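Working through the structure, step by step
Listed here are the chains, written in short residue letters.
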Amino acid sequence: MCGIFGYIGNQNAAEILLDGLQRLEYRGYDSSGIGVVTHDNQAITLKAPGKIQNLSSVVTSSSPQATVGIGHTRWATHGKPNEKNSHPHTDCLNKVLIVHNGIVENYADLKETLLKQGHKFSSDTDSEVIAHLIESSIADGCSFESAFVNAVKQLKGAQAVTALQSTTPSYIMTTRIGNAGGICIGHGNKEMFIASDITALVPLSDTITFLEPGHTAKVSQSNIVVHNAEGRLIRTKPQKVVHHVTNAGKGQFRHFMEKEIAEQPETILAAIGGRVDFRSNKIDLPEISLTKKQLATVNRIILVGMGTSLHAGMAGVHMIETLSGIPAVAENSSEFRYRNPVVSKDTLVISIGQSGETVDTLAAMEQAKLKQAKILTICNTDNSQATRLADGWIPMRAGLEIGVAATKTFLNTLVSLYLFASYLGNQTNYLADSFLNNSIESLVKLPDQIGQIVQEKKVYLDIATKTHEQTNLMYIGRGIQYPVALEGALKMKEISYTHAEGMSAGELKHGPIALIDNSLPVIALAPKDHFYDKMLNTMSEIKTRGGTIIAVATDGDTQISKIADYTIFVPACPYLLSPVVTSVPLQLLAYHSALARGCDIDQPRNLAKSVTVE
Ligand code: AGP
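Residues numbered from 1 in each chain as written. Predicted model: local features only at pLDDT ≥ 70, side-chain atom pairs only at ≥ 80, totals over all residues. Heavy atoms only, no water.

Remarks on the overall build of the chain
For the record, the criterion: Elements are defined by DSSP. Helices are runs of H or I of four residues or more, strands are runs of E of two residues or more, and each kind is numbered from the N terminus. Note that the radius of gyration is over C-alpha atoms, with the globule rule given as 2.2 Å times the number of residues to the power 0.38. Using a 1.4 Å probe on the protein chains alone, a residue whose accessible area is under 20% of its type maximum counts as buried, one over 50% counts as exposed, and one in between counts as partly exposed. It only takes one pair of heavy atoms within 4.5 Å for two residues to be counted as in contact. The Shrake-Rupley method, run with a 1.4 Å probe, gives the accessible areas here. Residue values count only the displayed protein chains as cover. For the purpose of counting charges, residues Lys and Arg are taken to be positive, whereas Asp and Glu are taken to be negative. His and the chain ends are not included. By convention, the charge on Lys lies at NZ, on Arg at CZ, on Asp at CG and on Glu at CD.
Tallying secondary structure elements over the chain gives 18 helices and 27 strands in all. On C-alpha atoms alone, the chain measures out to a radius of gyration of 25 Å, which is about the 25 Å that the 2.2 N^0.38 rule sets for 614 residues. Taken over the C-alpha atoms alone, the chain extends approximately 80 × 55 × 45 Å along its principal axes. Within the span of the chain, comprising 614 residues, buried residues form 61% of the whole. For the chain, the share of sequence-separated contacts (at least 6 apart) that also reach a separation of at least 24 residues comes to 70%. A total of about 23000 Å² of accessible surface is found on the chain, and carbon and sulfur atoms cover 50% of it. Side-chain charges of the chain comprise 54 positive and 58 negative groups, with the mean position of each set lying 2 Å from the other.

Right, dumping it as C-alpha cells:
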C-alpha cells in the first residue's frame, strides 16, 4: 500500500525524500514521486513509474535545490500505475503539492463539482481532487493551513494526506482520517521528518510524534502544532522510541507479525481501492480476465488452498453461494490433486495462496487445467507460478508479509473473495444493485472497524496470561464462523506450539464434548448472527461441564458476559463480512500467548513461509 514521506529542514530535501521512500519500499508500490519547493518558491514535481531507482535517475538529472518537500510510493487504486497518476499531485496553479494514502470514496462527486468550477485535472486518480479543493479554498481567501483543513473535511473514507504550498514553504500540513493511513513525525535538529510508518524514520530520529486519527498537524522545522477535527488545539508529547537496526523493517513493533496485524486497516483499504466505484456502486476486477460471457457459463466453483488459504476458501463458499447462487465447495489442495476430481469446462477453480508457490495448490491448478476448467487465483505475489498458471488473477494487495503466520493476507483474501462474489453475482444478474450498494457500504467500514480492534491490547494480555500455560485449546464456531474457528486454532498452534482444535459448534455433542472440563479453555465465536442463540446454548453446555469460555461477541451484547469467563467485543458487521472482524482477535490472542511463552513468533519452528515441497 502507499507510502508517504515529508521533510522540512536545512538539508537537501530531494536526497532525504528518496532515502525515506526507499525505506518504505517494503509496503509494495508501482510508482513513486517527490515534490519540492525551491528557494525561489517554485514547486517542482519529479515522478517515475516502476521502482524508486527510476525516480532516483530523474532526480539526479534535475537535482532540484530545496530544503522542503514531500514524497510518495504509490500503490495504484484509481488510475493506472504511470507517471501522470503518480503523486505528488498539484493544483491548476502548480502551487499546492499533495500526497495521499487511502481512498477518497466521494471523489467522483467532488471532481464533478471542481470541473464545473473550471479546475483542470491532469490525472485519473481520486487523490488529485484534494489539491484542487485546497486551491479552491485558497482562492476564497483562506490561508494554506485553513484551506488544507477545509479540504480534508470534505473527504469521505479512511486516508492520510500530506501537503505543501510553494508560497508558504515554512510548513507542511498533514492529517489522518480514520484508522488507515498512519502518520508519524520524527523530530530532528531544526528539521522534521514525516512518514507513513516509523520504519522510514529509524536512521533519522528516535523522538516521534504519532498522529492520531482525525488530527491535523502543521509541521515546521522546529515545531508541530496539532488540532483535532473540531479545531481544538491538542497538546502532543513526542515519544522516545528505541530503534534496533535489525528491527528496521518492524518499526515500533516487536515482531513482523505484530506489525502485519496492526497494518490490516491499510491493507484492507488496498484490497478495496480501485475496485469499487463509490458513485455507481459497481465493483471492477480488471485482472480476472474472464469475460461476462465466460462467467455466465460457470455452473460450479471449487476453491482450493492449504492452511490459512483453505480456511479463507471455506468462508468464500458462503459468500459465493449467497451472492451469486452458484454452487461452491472448498477443498484441501493436497486432497483435490489426487482424487481425480470431476471437473469440466463449466467449472471455475479458484486457487488461493499468498505465496503462489504452494506445491499442492499448484498441482491442483494443473489438474483442473487438464480437465478444461477455468482457473482464477487469489494471490499476493505477482509473477508467481500461480499467477502465471491461472487464466485470471485477483491480487490480494496485502503488501509483503514477512511473518510466517498468515494474518493480513488472510483478511485481504476474505475481502477479495467478497469482492469477487459480489462481482460475479452482479455480472450474472443474480445480485440486485441495491444489495451491491449495501455491501459496498459495509466494505468501506472495515478499515476503521479493524483499526478499533487492533488498538485494543489489554484484553489479550489478560487472557493470554491465563491461557498461555494451557496445553490444549478448543475453538468453536458455526456457519461462516466455522472456518474462523479453524483459522484461530491454526494461528495458536503454529506460533505458540499449543495444541488447539477448531471445529463446528454443532459437532461438539458428537464426541468432542467429552474433552470439556475445567482444564480446557474454549474460544467461542458468537457474533450477533443467525446462529447466536445456538452458540449461547452450546456455551451453556460447556459451562455446566466446567469449561472456561473466551467469547468473541458483538459490541453491545449484554447477554454473553453472563456465560463467558472472558469476552472480546468486535464491531457489528454483516454476516458475510463478519470473519474479517472476528478473526483479528484470534490473531492477537495467538500472538500474545506466543509472546508469553517466549516463542519465535516470526519464524516458528519447523515452518516455512511457502511450502514448495510435498
Ligand atoms: C498460515 O499461517 C500458514 N503459514 C500456512 O498454513 C499457509 O497458510 C499455507 O502453507 C498456505 O500457504 P499459501 O497461502 O502461500 O499457499
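Here's the deal with the pattern of salt bridges
This is how the line gets drawn: For salt bridges, the criterion is a side-chain nitrogen of Lys or Arg within 4 Å of an Asp or Glu carboxyl oxygen.
Going through the model one piece at a time under the given rule, you end up with 16 salt bridges. Here lysine 369 and aspartate 391 are joined by a salt bridge, their closest N and O atoms 3.3 Å apart. Here aspartate 391 lies in the loop between α12 (385–389) and β22 (392–395) and lysine 369 lies in helix α11 (residues 359–370), a separation of 22 residues in the sequence. On the accessibility criterion, aspartate 391 (36% relative accessible area) is partly exposed. Across the salt bridge formed by glutamate 487 and lysine 491, the nearest N and O atoms sit 2.5 Å from each other. Of this pair, glutamate 487 and lysine 491 both sit in helix α16 (residues 481–496), 4 residues apart, roughly one helical turn. Lysine 491 sits in the buried class, given a relative accessible area of 1%. Through salt bridges with shared partners, a single network forms among Lys259, Glu263 and Lys408.

What to know about the nonpolar core
The tendency in soluble globular proteins is for nonpolar side chains to be buried as a group. Worth spelling out the cut-off: To qualify as a nonpolar core, a set must consist of buried Ala, Val, Leu, Ile, Met, Phe, Trp, Tyr and Cys residues joined through side-chain atoms within 4.5 Å.
With 85 residues, the main nonpolar core has Ile301, Ile350 and Phe420 as its most contacted residues. Take this core: its biggest share by element is 11 residues, from helix α13 (residues 408–427). Apart from residues lying up to four places away in sequence, phenylalanine 420 is in contact with Leu285, Ile288, Ile320, Leu348, Ile350, Leu376 and Ile394. Grouped together as the second largest cluster of nonpolar side chains are 26 residues, Leu17, Tyr29, Val59 and Val241 included.

Structural notes on the pairing of strand β23 (residues 472–477)
As a reminder of what qualifies: Whether two strands pair comes down to DSSP finding at least two bridges between them. If the strands point away from the viewer and the path from the first strand over the helix to the second runs clockwise, then the crossover is right-handed.
Across the 6 residues of β23, 5 count as buried, placing the element largely inside the fold. Bridging between β23 and strand β24 (residues 499–504) involves 6 bridges; their strand directions are parallel. By the bridge assignment, asparagine 472 is partnered in β24 with histidine 499. Following the chain from β23 across α16 to the adjacent parallel β24, one finds a crossover that is right-handed.

Section: the sheet that holds β23
Spelled out, the test is: Axis lines are fitted to C-alpha atoms, over the contacting stretch for helices. Their N-to-C directions set the angle, which ranges from 0 to 180 degrees.
Read across the open sheet, the 5 strands follow the order β24-β23-β25-β26-β27; overall the sheet is parallel. Both edges of this open sheet fall to β24 and β27 (566–570), since each of them pairs with a single strand only. In this sheet, neighbouring strand axes are inclined to one another by 20° on average, regardless of whether the strands run parallel or antiparallel. Note: β23 against strand β25 (residues 521–526), 3 bridges, orientation parallel.

Examining the sheet that holds strand β9 (residues 184–187)
One open sheet holds the 8 strands; their spatial order is β3-β2-β4-β1-β10-β9-β11-β15, and the pairing between them is antiparallel. If you trace the sheet from one side to the other, it starts and ends with β3 (43–49) and β15 (239–240), each paired once. Contacts from helix α1 (residues 13–22) reach β1 (3–8), β2 (31–38), β4 (66–74) and β10 (192–195) within the one sheet, and its direction differs from that of β4 by about 25°.

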